[in-house]
Amino acid sequence: MSPVPENCFVPTSEIIAVEETELNKKQRNIGKWQKMAKPHAFTVYYVKKARNHRWRCSDVTFWCVDEHLCNQWIQALKELLEMQKSRPKQLLVYINPYGGKRQGKSIYEQKVAPLFSLASISTDVVITEHANHAKDNLFEVNINKYDGVVCVGGDGMFSEVMHGLIGRMQKDSGIDQNNPKAPLVQCNIRIGIIPAGSTDCICYSTVGISDPVTSALHIIVGDCQPLDVSSVHHNNTFLKYSVSLLGYGFYGDILKDSEKKRWMGPMRYDYSGFKTFLSHHYYEGTISFQPAKHTVGSPRDKDSCRTGCYICKKSEQQLAEQHKECGLKHEEDEEEWKVIKGKFLAINAVNMSCACPRSPKGLSPAAHLADGSADLILVRKCSRFDFLRYLVRHTNQDDQFDFSFVDVYRVKSFQFTSKLSEDNESNVTDIGKKRFGQFCRDHPACCCNIANSTWNCDGETLDSSAIQVRVHCQFVKLFARGIEENSKDEAAYSQSSIEQLL
Ligand SMILES: CCCCCCCCCCCCC/C=C/[C@@H](O)[C@H](CO)NC(=O)CCCCCCCCCCCCCCC
Ligand SMILES: Nc1ncnc2c1ncn2[C@@H]1O[C@H](COP(=O)(O)OP(=O)(O)OP(=O)(O)O)[C@@H](O)[C@H]1O
Ligand SMILES: [Ca+2]
């Protein structure tokens, strides 16, 4: 028998599979079993939680001489598994063979496919041949056939799959994505991310680790984590959706420079990051936003979003109420807009913490995955030294918002116009211009004349610097459960444990 640690509790929801086991000669010759006539056995495969939110597939084999009893156990456990209705049976998998360190295919074949097969999950696998292959394909496939779509790659690959799914839903419902106020149709088919990219920020921020086996196990047990999605428009043209970072200035410039260095792999971001840091460009513009009044949280909270987060639950209830009384919803258009004009080194809007291996607490450590808001971080012009102090705080325990040149707001929508496009009399909606009287007095406008930066939208550049953004609460769902608090300890306790059965 495999060694089982003392007090091992396994919730039935975390059993991966149960299989009849053929005992080999060596196993049969251990201890007292050698005296028995042909023992019968079955193996239970279960999720074992290790450090740092890492999950592994472990197994324990049970023996007995009574074949009927053994079969009864197998039957009972299989019935328990059948009752886990949120588990996927049929998945559509897209693999980007060129993402990150170009390991996507081998990661899937060696680490993920054997687990899916153990859990009796059928898959249709597409290895992408070009950018947008997965996205375009999602408009054609019979989507109702699947319980989920899995992407093997980085944040860019996730973005493709998400755009394909959301786009498909809107197309099927006759909704025009170019209308920034259109009541979009929610996407209920879950997305799984097997991390094989450069940053893997979405996976890290929703699971707590960037690890293919852990993510595969979250898919198998049928976890569900809703995510906020921002829609980005330029006038009445739809540009993109974003779930992690919308960054202008520093992160936009890093991305633009790094695109030319794709051959460097994940290292390109450090190279371009260093270069962009040295260039120290700042950009002048106007940002207008609607504060997120519906949520009780603040970006300066000490607690972060964790599994079962009550702030996200509250937003879920509000969303359900809104759906019941649709019609009242558009009052939000009249709600207060705040306007800030200034010179910025970085403007970052994040729908989630954006934690990643480079910065385990992320760009906004208290941001919530599913509260219907984004944290808008404004980093004003400051010295190189101060900006470096700000960046370094992303990697230690100090508060990165505790600087006079950094402001952070929790918002449900915002828009940005660069000074250059204002001067060129761009025809962006005029909410910002109407409120010029409220410009921040500490940082009056000056006449610096720098070219526009570009927006980094989840790792892709946007063509327009003037954008309008709206957060859609819990718009897509992932096979994840958020980051577990002290996951290792909590794993041991559950009412429905296999221990109770035994
Ligand atoms: C001194 C050390 C300071 C370290 C500061 C680390 C802050 C790292 C914060 C990472 C935030 C990632 C946000 C995620 C964005 C994703 O949607 C997107 C798609 O994958 N990724 C990127 O755009 C890719 C963005 C990658 C950004 C990498 C930034 C590297 C900055 C390096 C600055 C070096 C300054 C050194 C001066 C001596
Ligand atoms: N077969 C392919 N050939 C070229 N590009 C592809 C292919 N399949 C997908 N892509 C594109 O590659 C881009 C980057 O992929 P992915 O996110 O998997 O890896 P990455 O390089 O690590 O990026 P990230 O920094 O976003 O994590 C995606 O935007 C996707 O559209
Ligand atoms: Ca959010």
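In the nomenclature of an unreviewed UniProt entry, the chain corresponds to Ceramide kinase from the organism Bubo bubo. Quoted straight from UniProt, the Cofactor (unreviewed entry) entry for the chain says "Ca(2+)".

Enquirer: Would you mind going over the overall build of the chain with me for this structure?
Expert: Check the secondary structure of the chain and you find 15 helices and 17 strands. By the burial criterion, 56% of the 502 residues in the chain qualify as buried. Expressed as a percentage of contacts within the chain between residues at least 6 apart in sequence, the contacts between residues at least 24 apart total 80%. With an accessible surface of roughly 23600 Å², the chain has 49% of that area assigned to carbon and sulfur atoms.

Enquirer: Can you walk me through the sheet that holds strand 3 (residues 55-64) in this structure?
Expert: The strands making up a sheet associate through hydrogen bonds between their backbones, and the pairing can be parallel or antiparallel. Taken in spatial order, the three strands of this open sheet run 1-2-3, and their pairing is antiparallel. At either end of the open sheet lies a strand with only one pairing partner, and these are strand 1 (15-21) and strand 3. Averaged over all pairs of adjacent strands, the angle between their axes in this sheet comes to 20 degrees, without regard to strand direction. Pairing between strand 2 (residues 40-49) and strand 3: 10 bridges, direction antiparallel. In the strand pairing of strand 3, Tyr46 is matched with Ser58. Taken strand by strand, helix 7 (residues 212-220) contacts strand 1, strand 2 and strand 3, and its axis lies near 60 degrees from that of strand 3.

Enquirer: Just checking my understanding: could you explain a negative patch on the surface for this structure?
Expert: A surface patch of like charges, here negative, comprises Glu20, Glu22, Asp66 and Glu67. The residue Glu67 is located in helix 2 (residues 67-82) in this model. Classification of Glu67 as partly exposed rests on a relative accessible area of 44%.

Enquirer: Even after reading the chapter, I still don't get the coordination of the calcium ion (ligand 3), so can you show me in this structure?
Expert: Angles between donor atoms at a metal ideally measure 109.5 degrees for a four-coordinate tetrahedral arrangement and either 90 or 180 degrees for a six-coordinate octahedral one. Coordination of the calcium ion (ligand 3) by the protein comes from Asp228 (OD), Asn351 (O), His368 (O), Asp371 (OD) and Ser373 (O), over a distance range of 2.2 to 2.6 Å. Summarised as a motif, the one-chain spacing of the donors to the calcium ion (ligand 3) is D-x122-N-x16-H-x2-D-x1-S.

Enquirer: Sorry if this is basic, but what is going on with the packing of aromatic side chains here?
Expert: In this description, a pair of aromatic rings is defined by centroid distance and the angle of the planes. One pass over the structure, following the stated rule, counts 16 aromatic pairs. Relative to Tyr241, the ring of Phe238 lies with its centre 4.6 Å away and its plane at 50 degrees, an arrangement referred to as tilted. Grouping residues by exposure puts Phe238 and Tyr241 together as buried. Seen from their ring centres, Phe277 and Phe387 are 6.3 Å apart, and the 10 degrees between their planes marks the pair as stacked. With Phe277 in helix 9 (residues 268-279) and Phe387 in helix 11 (residues 384-392), the pair connects residues that are 110 residues apart, well separated along the chain. Ring pairing ties together the aromatic residues Phe250, Tyr251, Phe277, Phe387, Tyr390, Phe403 and Phe405, which thus form one cluster.

Enquirer: How should I be thinking about the pattern of salt bridges in this particular structure?
Expert: Pairs can form between side chains of opposite charge once their charged atoms are near each other. All told, the structure shown has 20 salt bridges when counted by the stated rule. Among the salt bridges present, the one from Asp407 reaches Arg380, with a minimum N-O distance of 3.3 Å. Taken as a pair, Asp407 in strand 14 (residues 406-418) and Arg380 in strand 13 (residues 374-380) lie far apart in primary sequence, 27 residues in all. For Asp407, a relative accessible area of 22% gives the class partly exposed. Through salt bridges with shared partners, one network takes in Glu14, Lys49, Asp223, Arg481 and Glu484.

Enquirer: Even after reading the chapter, I still don't get the site of ligand 1, so can you show me in this structure?
Expert: Of all residues adjacent to ligand 1, which total 21 residues, the nearest are Asp155, Thr199, Ser244, Asn456 and Asp458. Residue Asp155 places a side-chain N or O atom 2.6 Å away from an oxygen atom belonging to ligand 1. The fraction of the free accessible surface of ligand 1 (850 Å²) that becomes covered by protein chains is 85%. Contributing elements (two or more residues each) for the shell around ligand 1: helix 8 (250-259), helix 9 and helix 11. Looking at the shell around ligand 1 element by element, the count peaks at four residues for helix 9. Among the residues making up the shell around ligand 1, the classes are represented as 12 nonpolar, six polar and three charged.

Enquirer: Teacher, can you tell me more about the UniProt feature "domain: DAGKc" (unreviewed entry) in the chain here?
Expert: The feature "domain: DAGKc" (unreviewed entry), as annotated in UniProt, sits at residues 86-236 in this numbering. For residues 86-236, the helix share is 36%, the strand share is 23%, and the end-to-end C-alpha distance is 38 Å.

Enquirer: What's the story with the packing of helix 9 against helix 11 in this structure? I'm lost.
Expert: Helix-helix packing is described using two parameters, namely the angle between the two axes and the distance between the axes. Contact geometry for helix 9 and helix 11: axes closest at 10 Å, N-to-C directions at 145 degrees. Note on element contacts: helix 11 touches helix 9 through Arg384, Phe387, Leu388 and Leu391, opposite Phe277, Leu278 and Ser279. Taken together, the residues of the contact of helix 9 with helix 11 sort by class into five nonpolar, one polar and one charged.

Enquirer: What exactly am I supposed to notice about the site of ligand 2 here?
Expert: With respect to spatial proximity, 21 residues lie near ligand 2, and among them Thr128, Gly154, Gly156, Glu160 and Ser198 are the closest. In this structure, Thr128 approaches ligand 2 through a side-chain N or O atom, which is 2.7 Å from a nitrogen atom. Arg268 is positioned such that a nitrogen or oxygen atom in its side chain is 3.5 Å from an oxygen atom of ligand 2. Across the complex, the protein chains shield 86% of the 620 Å² of accessible surface that ligand 2 would expose by itself. The element best represented in the shell around ligand 2 is helix 5 (residues 155-172), accounting for four residues. For the shell around ligand 2, the per-class residue count stands at five nonpolar, 11 polar and five charged.

Quick notes on the rules
Residues numbered from 1 in each chain as written. Chains lettered and ligands numbered in written order. Predicted model: local features only at pLDDT ≥ 70, side-chain atom pairs only at ≥ 80, totals over all residues. Heavy atoms only, no water. UniProt positions renumbered as here; feature names shortened; annotations may be inferred. Helix = DSSP H or I, 4+ residues; strand = E, 2+ residues; numbered from the N terminus. Buried < 20%, exposed > 50% of the residue type's maximum accessible area, 1.4 Å probe, protein only. Contact = heavy atoms within 4.5 Å. Areas by Shrake-Rupley, 256 points an atom, 1.4 Å probe, with all protein chains shown as cover. Pairing = 2+ DSSP bridges. Axes fitted to C-alpha atoms, helices over the stretch in contact; angles between N-to-C directions. Patch = residues over 30% accessible without salt bridge, like charges linked within 9 Å, V, L, I, M, F, W, Y side chains within 5 Å. Salt bridge = Lys/Arg side-chain N within 4 Å of Asp/Glu carboxyl O. Lys, Arg positive; Asp, Glu negative; His and termini not counted. Charge placed at Lys NZ, Arg CZ, Asp CG, Glu CD. Donors = N, O, S within 2.8 Å, 3.2 Å for Na, K, Ca; no water. Phe/Tyr/Trp six-rings, centres within 6.5 Å; stacked < 30°, edge-to-face > 60°. Near = heavy atom within 4 Å. Polar contact = N/O pair within 3.5 Å; in protein donor to acceptor, adjacent residues only side chain to side chain. Nonpolar A, V, L, I, M, F, W, Y, C, P; charged D, E, K, R; others polar.

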